[in-house]
Amino acid sequence: PLVADADMLGTPDPELAATMGFSGFGKKARTFDLEAMFEQTRRTAVERSRKVLEAREKEKEDQAEKEFRIPYTDSSVSASSITRPGSTLTEREAVCSESEGSSNEALSGPSMQSQSSAKGPAEDTDDDNDDDDEEFIGPPLPPGFKDSDDDNDDDTEEDDNNPIKKIPDSHEITLQHGTKTVSALGLDPSGARLITGGYDYDVKFWDFAGMDASLQAFRSLQPCECHQIKSLQYSSTGDVILVVSGNSQAKVLDRDGFPVMECIKGDQYIVDMTNTKGHTAMLNSGCWHPKIKEEFLTCSNDGTVRTWDVNNEKKHKSVFKPRSVQGKRVIPTTCTYSRDGKLIAAGCQDGSIQIWDRNMTVHTKFHCRQAHASGTDTSCLTFSYDGTVLASRGGDDTLKIWDIRQFKKPLNSADGLPSFFPMTDCCFSPDDKILVTGTSVKKGGGSGKLFFFYRETFQKLYEIEVTDASVVRCLWHPKLNQIMVGTGNGLAKVYYDPVKSQRGAKLCVVKTKRKERQAETLTQDYIITPHALPMFREPRQRSTRKQLEKDRLDPLKSHKPEPPVAGAGRGGRVGTHGVTLSSYIVKNIALDKTDDSNPREAILRHAKEAEENPYWVAPAYAK
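Here the structure is a predicted model, which means the values were calculated and not measured.

**Description of the confidence of the model for the protein**
Line of reasoning, step 1. A residue-level look at the protein finds 73% of positions with pLDDT of 70 or above and a mean pLDDT of 78.
Line of reasoning, step 2. Between residues 1-12, whose pLDDT stays under 50, and residues either more than four places distant or in other chains, the model counts 14 contacts.
Line of reasoning, step 3. A low-confidence stretch, residues 71-134 stays under pLDDT 50, and its non-local contacts, those more than four residues away or across chains, total 43 contacts.

**Things to note about the sheet that holds strand β6 (residues 203-207)**
Line of reasoning, step 1. The four strands are arranged β4-β5-β6-β7 in an open sheet whose pairing can be described as antiparallel. The sheet is open, and its two edges are formed by β4 (182-187) and β7 (219-221), each paired on a single side. If you compare each strand with its neighbour and ignore which way they point, the axes differ by 15 degrees on average.
Line of reasoning, step 2. Both strand β5 (residues 193-198) and β6 contribute to a ladder of five bridges, which runs antiparallel. Counterpart to G197 in the pairing with β6 is V203.

**A short note on the side chain of S392**
Line of reasoning, step 1. Positionally, S392 belongs in strand β21 (residues 389-393).
Line of reasoning, step 2. Of the polar contacts made by the side chain of S392, one reaches the side chain of H372; its length is 2.8 Å.
Line of reasoning, step 3. Those residues within four positions of S392 in sequence are excluded, and the remaining contacts are I353, H372, C380, L381, T398, L399, K400, W402 and C426.

**Focus on the packing of aromatic side chains**
Line of reasoning, step 1. Enumeration over the complete set of coordinates arrives at nine aromatic pairs.
Line of reasoning, step 2. Here a set of aromatic residues connected by ring pairs shows up, and it is made of F451, F453 and F458.
Line of reasoning, step 3. The side chain of R339 reaches across the aromatic face of Y385, ending 4.2 Å from its centre.

**Side note on the pairing of strand β18 (residues 353-357)**
Line of reasoning, step 1. A large share of β18 lies buried, amounting to four of its five residues.
Line of reasoning, step 2. Summarising the sheet, strand β17 (residues 343-348) and β18 pair through five bridges and their orientation is antiparallel. Along β18, the bridge assignment pairs A345 with I355.
Line of reasoning, step 3. Counting the residues in the hairpin turn of β17 and β18 gives four residues, including G351, whose phi is positive at 90 degrees.

**Quick look at the sheet that holds β21**
Line of reasoning, step 1. The antiparallel open sheet is built from four strands, whose spatial order is β20-β21-β22-β23. Strand pairing shows two members of the sheet lacking a second neighbour, β20 (380-383) and β23 (412-414), which therefore form its edges. Shown here is a sheet whose adjacent strand axes are inclined to one another by a mean of 15 degrees, direction ignored.
Line of reasoning, step 2. One ladder, built from four bridges, connects β20 with β21; its direction is antiparallel. Along β21, the bridge assignment pairs T382 with A391.

**Looking at the pairing of β17**
Line of reasoning, step 1. Along β17, six of the six residues are buried, which leaves the element largely enclosed by surrounding structure.
Line of reasoning, step 2. Along β17, one buried face is formed by L343, A345 and G347 and the opposite face, lined by I344, A346 and C348, is buried too.
Line of reasoning, step 3. Judged from the five bridges that link them, strand β16 (residues 332-337) and β17 form a sheet pairing that is antiparallel. Residue pairing for β17: T336 is matched across the bridge by A345.
Line of reasoning, step 4. Between the end of β16 and the start of β17, which pair antiparallel, lie five residues, with G341 showing a positive phi angle near 80 degrees.

**A closer look at the environment of M360**
Line of reasoning, step 1. Secondary-structure assignment places M360 in the loop between β18 and β19 (366-368).
Line of reasoning, step 2. In the structure, M360 is positioned 40 residues away from F320 in sequence and 8.8 Å away in space, judged by C-alpha atoms.

**Quick notes on the nonpolar core**
For soluble globular proteins, the rule of thumb is that nonpolar side chains tend to be buried together.
Line of reasoning, step 1. With 18 residues, the main nonpolar core has I173, L175, L194, F208 and M484 as its most contacted residues.
Line of reasoning, step 2. For this core, the elements supplying multiple residues, two or more each, are β3 (171-176), β4, β30 (491-496) and α9 (505-509).
Line of reasoning, step 3. Sequence-distant contacts of I173, that is, excluding residues within four places in its chain, are made with L215, A492, K493, V494, Y496, A505, C508 and V509.
Line of reasoning, step 4. Counting 15 residues, the second-largest nonpolar core is a separate cluster that includes C427, L450, I464 and I483.

**Considering a nonpolar patch on the surface**
Line of reasoning, step 1. Together, F32, L34, M37 and F38 make up an exposed nonpolar region whose accessible area comes to about 410 Å².
Line of reasoning, step 2. In terms of residue count, the dominant contributor to the nonpolar patch is helix α3 (residues 34-69) (three residues).
Line of reasoning, step 3. By secondary structure assignment, the location of F32 is in strand β2 (residues 31-32).

**A word on the UniProt feature "repeat: WD" (unreviewed entry) in the protein**
Line of reasoning, step 1. When the UniProt feature table is mapped onto this chain, "repeat: WD" (unreviewed entry) is found at residues 175-207, 276-318, 337-357 and 371-405.
Line of reasoning, step 2. Annotated as residues 337-357, this span is 0% helix and 57% strand, and its ends, taken at the C-alpha atoms, are 10 Å apart.
Line of reasoning, step 3. Secondary structure across residues 371-405 comprises 0% helix and 40% strand; the distance between its end C-alpha atoms is 14 Å.

**Quick look at the state of the cysteines**
Line of reasoning, step 1. In this structure the tally under the stated criterion is zero disulfides.
Line of reasoning, step 2. Take C287: it sits in no disulfide, and the sulfur closest to it among the cysteines is that of C335, at 5.2 Å.
Line of reasoning, step 3. Taking relative accessible area as the criterion, C287 reaches 7% and is therefore assigned buried.

**Structural notes on the pattern of salt bridges**
Here the idea is simple: oppositely charged side chains can pair when their charged atoms come close.
Line of reasoning, step 1. Under the counting rule described, the total for this entry stands at 21 salt bridges.
Line of reasoning, step 2. Ionic pairing is found between K500 and D497, a salt bridge with its closest N-O pair at 3.3 Å.
Line of reasoning, step 3. On the basis of relative accessible area, K500 is assigned to the partly exposed category, the value being 31%.
Line of reasoning, step 4. Because the salt bridges share partners, they merge into one network encompassing E39, R42 and R43.

Cut-off values and rules
- Throughout, a residue's number is its position along its own chain's written sequence, starting from 1.
- Local features in this predicted model are restricted to residues whose pLDDT is 70 or higher, and side-chain atom pairs enter the listing and the counts only when it is 80 or higher, whereas totals over whole chains, interfaces and linings include all residues.
- Excluding hydrogens and water, the side-chain figures rest on all heavy atoms present in the structure.
- Confidence scores per residue from the predictor, reported as pLDDT, run from 0 to 100.
- Any two residues whose heavy atoms approach within 4.5 Å at even a single point are treated as in contact.
- Two strands are counted as paired when DSSP detects at least two bridges linking them.
- Note on conventions: DSSP H or I runs of at least 4 residues are helices, E runs of at least 2 residues are strands, and numbering of each starts at the N terminus.
- Note on geometry: axes are C-alpha line fits, over the in-contact stretch for helices, and angles between N-to-C directions span 0 to 180 degrees.
- Under the rule applied, a polar contact is a pair of N or O atoms within 3.5 Å (in protein, one hydrogen donor and one hydrogen acceptor; residues adjacent in sequence only if both atoms are side-chain atoms).
- Pairing of aromatic rings covers Phe, Tyr and the six-membered ring of Trp, with a centre-to-centre limit of 6.5 Å; geometry is then stacked below 30 degrees between planes, edge-to-face above 60, and tilted otherwise.
- Charge-over-ring placement is defined geometrically: NZ (Lys) or CZ (Arg) within 6 Å of the ring centre, and within 35 degrees of the ring normal.
- Each residue's exposure class comes from its accessible area (1.4 Å probe, protein chains only) as a fraction of the maximum for that residue type: buried when under 20%, exposed when over 50%, partly exposed otherwise.
- For the purposes of this section, nonpolar cores are sets of buried Ala, Val, Leu, Ile, Met, Phe, Trp, Tyr and Cys residues that join through side-chain atoms within 4.5 Å.
- Excluding any residue in a salt bridge, patches collect residues exceeding 30% relative accessible area, merging like charges within 9 Å and nonpolar Val, Leu, Ile, Met, Phe, Trp and Tyr side chains within 5 Å.
- Surface exposure here means Shrake-Rupley accessible area, sampled with a 1.4 Å probe, where a residue is shielded only by the protein chains that are shown.
- Salt bridge, as used here: a side-chain nitrogen of Lys or Arg that lies within 4 Å of a carboxyl oxygen of Asp or Glu.
- UniProt positions are given in the numbering used here, feature names are shortened, and annotations may be inferred rather than shown by experiment.
- By disulfide we mean two sulfur atoms from cysteines, separated by a distance within 2.5 Å.

And the structure:
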């Protein structure tokens, strides 16, 4: 309790106090017991909320009673239906009570109010204690508050049981990369930036936080001149990007697209690929090590899989050489690290999947000879997040899932999934329960789709019609919970759900498009200084129209420029037939219109002239 005691302040002389107007100064202040006040307030609040709840329950009971009465008009039936077990009312009394009930809206059976008042003191104290525990102070909870909570629980349970609910596809945005196939997609680990690469050699950078609803890329570049982009990936820290294109040298760029390193090109005249420092043929794929941020992996048409260090561009770290059944060289079309980075897997053109220990380059650790049809390009290998399962997307229109410890036959497979691209993707959902892949279509042959399969049973859960072209790349980002898709007609689509997804596409959709700035005139703003000296005075700004009219009158400014020389003599202003003798003769030969098609006529043309004026033959014979 707070006590303000006037004695502490000292009591002045009463006369002085009266004169100064402090007559009440000597009295003691009231004492306030705050705890008692709080207790009082709490009690009234509890009481009020209890009354409200009782009133509400009473209303419910009235409603229920009305519903009971409507179907049964017969008094005896209604009486028997209303009379509760344990209440000993005769039929007549029940009918009376019913009539009373209809007039006074009274409840049959003891009322809630009387029940609560009938409680003993002990029960009351119990209730008080309970209230103390639960701190039930203030206005009552809204009706059905607990129920709504339970419903939410049910919904979440349903969501857990129904994996389709987890697919974030209620909304989508479309990023226009270009007109040709988007063959590579990369998202940094935080999900702030997306990069797209395509068959048009361009790599475009998209920043979700910086974009507005016009969805424009903030940078576009061609890191590998005229080579199609095969693969793009951010490193595990997100500070550098691996670019794999159609040439033999992989590049590493920083976040803003500036080159960090370029792998060396190998010597194509050396037979043993171990002795060359780099790849000698076109690259097919590449990826970063999931744990070591400086290491990455590439595979190429020279029949090797090589690991590299960002800090050493002069030579690869190690070389893995896939071999066919006969021990011949075979081309790896895709490669990947396991989630812990200890294994390296490659899919090859003979249909095999070969897996090495990262530190043992010679012999494979796991090997499946006929994973896919021989002669087809296995376009993607990816490990599940738990690291126990490997999914492969084949060029033979199948999607298979393997346990690498039992590598003879797949756990499950799905076919009838056409793929025309050597980089068609498959990926796992963030919770590892769903597997996603895209399908290819010929021009005018329907829509490319994104298929979702349940990992355990490989039952097709869901499909999204993406666009009227092939679906090449797909990527389900675990942090954003958004699905990125690259298509055959130059689009990059982002699927998201405003509730289930985080950041990403949600950031740029809400921003309005920036207004186009009006074309700013490049005229200088003149500062008018009325009292300046004439030598500092600036010429007054005239309108451009008047200036143009003046210029037209000026013969020098309005002189039409000399047109370029066309026709004969172009380039060196030579005469009509050139200055050389040969050009003169050629021109004359071209001008000669005599017809030599009939030789007899050509000779007889001169017969008359020879008779009249003989020169060669006749004078010789005359002598």
